Structure formats: C-alpha cells, structure tokens
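If you want the building blocks of each chain, they are given just below.
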Amino acid sequence: MTLKYDVLVIGGGHAGCEAACASARMGARTCLVTMDMNKIAQMSCNPAVGGIAKGQIVREIDALGGRMGIVTDLTSIQMRMLNRSKGPAMWSPRAQCDREKFIRTWREQLDQTDNLDIWQDQAEELLVENGEAVGVETIWGITLRAKAVIITAGTFLNGLMHIGRKMVAGGRIAEPAVKHFTESITRHGITSARMKTGTPVRIDRRSVHFEEAEIQPGEDPIYGFSYMDIPRTSKQLPCWTFNTNAEVHEILQRGLPDSPLYNGQINSIGPRYCPSIETKLVTFPERHEHPLFLEPEGENTNEMYLNGFSSSMPAEIQIEALRKIPALRDIKAYRPGYAIEYDFFDPTLLYHTLESKIVRNLFFAGQVNGTTGYEEAAGQGLVAGINAALNVQYDATLSRQIQPGEGFIMKRDESYIGVLIDDLVTKGVDEPYRMFTSRAEYRILLRQDNADERLTEIAYQLGMATRERYDWWMEKKGNIERIIDFCANAPIKAAEVNAALEAMGTTPLRAGCKAIDLIGRPQINLRKLSDLVPGLKDVLEAPTNRKEEIAEAAEVKMKYSGYIEREREIAKKMRRLEDIKIRGRFDYDSLQSLSTECRQKLNRINPETLAQASRIPGVSPSDINVLLVLLGR
C-alpha cells in the first residue's frame, strides 16, 4: 500500500502539529504521521505554555498564523504576565493549561485544517533517492511517499527511560521507543548524538495539605497569547508553592548512589536550566532549601504536577523525601519522576530554513534539533512546515524551484524564533537548548506586545495569516497610530497639570509641552494621563476590541521610542557584519569588556570577519556589540 502527499510530518508533538498545519495552510497536501492520535500535542512534562522568552515565541507563532496561542487560550486554567516589575522587553506571558483539553483542542484544529490527513503509524525507514527525501516506510509495511519530509520525533528515537537502576525503552512513560528510524537517517551522513531530560512526580491533590502551602493565584485581567479575540471559558485555578528542607535533602543524598545521573547509567547531557532535584543538591550543596511549585493538570482531575522536583531517583526515595515536606506529608503519587535519554541530530547540518544540507527536502524541527521546551519546538515546526511547502510548490515569480537554503528565513532582529534557529544552525548545541531573553541582543525590538507588528503582514503575504487576522492587525495598527498621533499633538499647560504631577511623585513642568513628552516619565501611564488631557480618554476607548492591549502597545512605543530606535540602528549595522574585516585589528587579551571565553575563542580561531566571529560558540551577541562599539570609535 502506497500513499502519496506533498509533505510528510513524522511525529505529532508540538513541532509536528505546527508543521503540519502550516504546510497544509500553505496549500501542500500534507500527512501527519503519529503513533497515537489520542496523544497529539501531548504536554509530556509541565502542563504549561510560555514563560520567560518562551511566551514571546508563542505570540510570534500566533502572529504568523500558527495555532499554539489559540489552543493555549482555549484551554488555560491560569494566566500570568511574568517580569512585570522589569521593562516591557522582559514581560513574558505564561499559562497553566488543562492537559487533556489541550490535546482535544489541538486535535480539533488539525481536523478542521484543509489539505491535512492524519495517519496513525510508526515511521521505521526514511526513503532517500538521488540525495532527496521521498518518503518513509512504516512498521506496518505502508509506504508514504512525499516531495518533502519533516522529522519531529521528540524524545522517541531510541528513547530509554530511567527510574533508579531500572531502565525501560520508551519515548514517554507507557509509550514505546522508535528503535530503527535514527539509523535510517544517519546512514546518509547526518550525525546524531544523545541528550537527556526528565520530569517530576505526579501527585494526587486529595493527599495534599494546602494549608501548609502558599497560594499563587492567576492574574486579573487575564492576558491571552493570541492576538485574536479568543473566548476563555475554562475555570481559573491557583497554583501553590513551598520549599524543600534539610530532611528532604538528607534522604535524597542517601539515594544518590542509585541515581542514574551519578551511578554511570546516564552519560548524555541534560538541560542546564531545568536541573533535576539531585543535580541541585550536588551543584548547590550550601543550599538548605529549594522552591517547589504544585500545579494543577486540569479542571476535572486530581492529578497535580510538582514543578522543581524533576528526578530519576528510585521511586521509594522520591516519595520518602517528599513526605518530609509539611504540605506533602501524606502524599499519594500517581507515578514517580523519571529521566529519558534520546537521539538528536546535529543542527549545524541544517540551513536556516531547517532543511538538511545533506539530504534535499528533509527538514528537522523540535527536540531532534537539540532543543527543549514545547514553545521552541512549535516555533521550529512552523518554520519547517512553511519551508517544506515552499520547496514543493513551483515558484512562478522566480520561474524555478526554491533552492537549498532559500525560503522563509527569520532574522535575529525580527523574532525570538529567528534567534533560536540562528543559534542552532551556527553554534550547534552541547546541551538541550532553552530560550531566554538574554539570548536575544534585540529584545527591545522583540517584545511580546508587538509580535503581530513584526510578523503578521509577512504571514499574510505567505498565505499563513487569514484575511480576518490581517484586517484585525490593520485595525489595531490604526488604533495604535491614532493614540500616538493624539499624544504627539495634544498640548499640556503647566499650570493645569503640575498639582497632579506632584501628587504622582514626578517633577512639575516649567513650561507647556505635548502629552507624548510626559509619557516617558516612569510615574505616568496613559490611563493616568487621560485624567489630565481632554479627549485622550475618548481616544483610548475608541477601539471596539482589546482596548487594554492597544493602549499598552501605544504606551510602550512612546515611552521607549528612543531605546527602540537605537536598537533598530544597531540591528541594521549587524546585518552588514559580513563586510567588516576584524583579523589583525584587535589585541583581544586587552579587551576586558569581552567575556573570558570570548577572548580565548577569538585568539584561537582568529576570525576573518565580524560575522564569522558572531557564529563562534562562546562568543555572545553582547560580545559582538562590544566589538561594534570599538570599531565605531
């Protein structure tokens, strides 16, 4: 039996779902191959979406016409905007989701997508002819042929789970590993290696003493991920927090000899920024407590997720240690935490389109590229899906097929997804890659509030964004400009506002000014200013939808206009790095403003251009900015 498509997507996780939807919406006949249709977009670890920098990625996915933001808004049971105490470049939305509802809602999104089929099966052999991927063979002997193949297999490739000294093959708890597919890929010259991740114990909420924990409610008003007006019908639930203690640590120390991380069972590298509880004990022996967060898995389940207690220690050690925490003294667990090792492929062998440099029309997205996190996976899947569809469709404008390395490429100054992909393909990975705001040198440009400004018009030109989404953005854009234009022209008289300004704790005016001049003050926002400026309140109320979001976007653009423009100019310079020669121009040892690792790498490699230097692992974007400043001098 042979089935024929334009694009095949192998794996139904977060990367696979976005890739399949994107490819199909671009007009390519697409088939999503998954081992279990009932676990599509499974939240294998934390039932949450977003967080620091990750929230920005989800908003970018939404602005591009992807689905993760919509599904999250439809299934969120708690929403928070993180980093509100910092500047808007650091604000990051995060949502706790109903795990089962998330799966069902994603399945509905797939079922409602034209040009998209789902085939429940397991890929076993990649088919390559004349250096091009042409399909897969499945374990049931089905041949699925296509013009492009996207691999989004997550942790399933030769997956091996660990709890104490016990090892079981699997891609996720109670799900089988994929044992031969990696070999069918590496025989073509693509290299693979091993990584490790883990997940914590799941707890029965009926056994928790919540009076011993600190409650963490969500926020009101509720912020959403999607820029569209998505109804939120789920009940909002609190999370809870408490700490480990010395007794907990003593028991865990006793179990270290049986920990797969320290007894030699696991040799692959785990995520630095989401360490297991045993790694925290070994890395920070001076710490007598670590924070834990107890999070609900859904509206209608007693299952709860213990964030901060990822572990692969023996089950009895995990439970015994947790019962030394007052809130968990009588806990019942559904299952212990476990670690999992899996195969990934060297991302430096990919173009920025996520197409393989070795096998034409073969794309990789998600954890198989060495990343960790649902959001990083989904962002890659979206880009891979768009480019796979572009590859298989004849480009009438160019009068030729898309060539390797051409297609939809996201830039570092355009999106966090662009930062993510550029880091992967130019620097590679030596540990599971996780996105942070610190990885983006243009984070003032890449705010969570303006992803639609950056990407929606591009998505509409590609055919990803609907006309409804495009019109929604154009209306919002007009409303933002209307607010800014009003403030730039609204006169303010010192005598009329000085008393109010002093009451707000800010310096009174010596002369009249325009309303926009006051927005730059940290003590003042648009809502406060609307009480002082006639007509401003009407302008802020004029939008029919998402008034708060529109006002916030306008305020950020005015308040930080100088910083935004300066960063935009730096971004333009960075795009010219290929022409800037640096060999022989610096004594790197004397540049103390560079990191130690950077000085060592630059001395050893002695790059020809600044662009080449920027791609050296260990040379950070901030190091490149230092060199730019010195060159400017």
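Anyway, here's the lowdown on the structure attached to this text.

Criteria and thresholds
Residues numbered from 1 in each chain as written. Predicted model: local features only at pLDDT ≥ 70, side-chain atom pairs only at ≥ 80, totals over all residues. Heavy atoms only, no water. Helix = DSSP H or I, 4+ residues; strand = E, 2+ residues; numbered from the N terminus. Expected span 1.5 Å × (residues − 1). Buried < 20%, exposed > 50% of the residue type's maximum accessible area, 1.4 Å probe, protein only. Arc of directions from axis to C-beta. Contact = heavy atoms within 4.5 Å. Salt bridge = Lys/Arg side-chain N within 4 Å of Asp/Glu carboxyl O. Pairing = 2+ DSSP bridges. Axes fitted to C-alpha atoms, helices over the stretch in contact; angles between N-to-C directions. Parallel < 35°, antiparallel > 145°, perpendicular 65-115°, else oblique. Left-handed = near helix turned anticlockwise from the far one by under 90°.

## Considering helix α11 (residues 451–462)
Point 1. The end-to-end C-alpha distance of α11 is 16 Å, a good match for the 16 Å that twelve residues give at a rise of 1.5 Å each.
Point 2. Taken residue by residue, α11 has A451, D452, R454, L455, T456 and A459 as its buried positions. End-on, the buried residues of α11 take up no more than an arc of 165°, which puts them together on one face.
Point 3. If you follow the buried residues of α11, they end up packed against α2 (54–63) and α12 (467–489).
Point 4. Phi for G463, located one or two positions after α11, is positive at around 95°.

## Some thoughts on unusual backbone geometry
Point 1. Despite not being glycine, N83 shows a phi value in the positive range, around 65°.
Point 2. Relative to the helices and strands, N83 resides in the loop between β5 (76–82) and β6 (92–97).
Point 3. A positive phi angle, near 70°, is found at A174, a position not held by glycine.
Point 4. Turning to its location among the elements, A174 is positioned in the loop between β13 (166–169) and α5 (181–186).

## Focus on the pattern of salt bridges
Point 1. This structure, assessed with the given rule, holds 40 salt bridges.
Point 2. One salt bridge in this structure joins K147 and D6, with 3.5 Å as the shortest N-O distance. On the criterion of sequence distance, the pair formed by K147 in the loop between β10 (143–145) and β11 (148–151) and D6 in the loop between β1 (2–4) and β2 (7–10) is long-range, its members being 141 residues apart.
Point 3. Assessed through its relative accessible area of 46%, K147 is described here as partly exposed.
Point 4. The partner of R568 in a salt bridge is E565, and the shortest N-O contact between them spans 3.3 Å. One end of the pair is R568 and the other is E565, both in helix α18 (residues 561–574) and three residues apart, which spans about a single turn.
Point 5. Judged by its relative accessible area of 35%, R568 falls in the partly exposed class.
Point 6. Each member of the salt-bridge network shares a partner with another, and the members are R59, D452, K476, R546 and E549.

## Thoughts on the pairing of strand β18 (residues 303–310)
Point 1. Within β18, seven of the eight residues are buried, leaving the element largely enclosed by the surrounding structure.
Point 2. With four bridges joining them, strand β17 (residues 291–296) and β18 adopt antiparallel strand pairing. Paired with L294 across the two strands is L306, which belongs to β18.
Point 3. In this antiparallel pair of consecutive strands, β17 and β18, the connection spans six residues.

## Thoughts on the environment of L501
Point 1. Its location among the elements puts L501 in helix α13 (residues 494–503).
Point 2. For L501, a relative accessible area of 0% puts it in the buried group.
Point 3. For the pair formed by L501 and Q523, sequence separation is 22 residues and the distance between their alpha carbons is 8.9 Å.
Point 4. Contact partners of L501, with chain neighbours within four places excluded, come to T506, T507, P508, L509, L518, R521, I524 and L532.

## Let's talk about the packing of α2 against helix α9 (residues 374–392)
Point 1. It is at 9 Å that the axes of α2 and α9 come closest, and there the two elements cross at 30°. If you check the angle between α2 and α9, you find them roughly parallel. For α2 against α9, the interelement crossing comes out left-handed. Where α2 abuts α9, its residues K54, I57, V58 and I61 lie against E375, E376, A378, G379 and L382.

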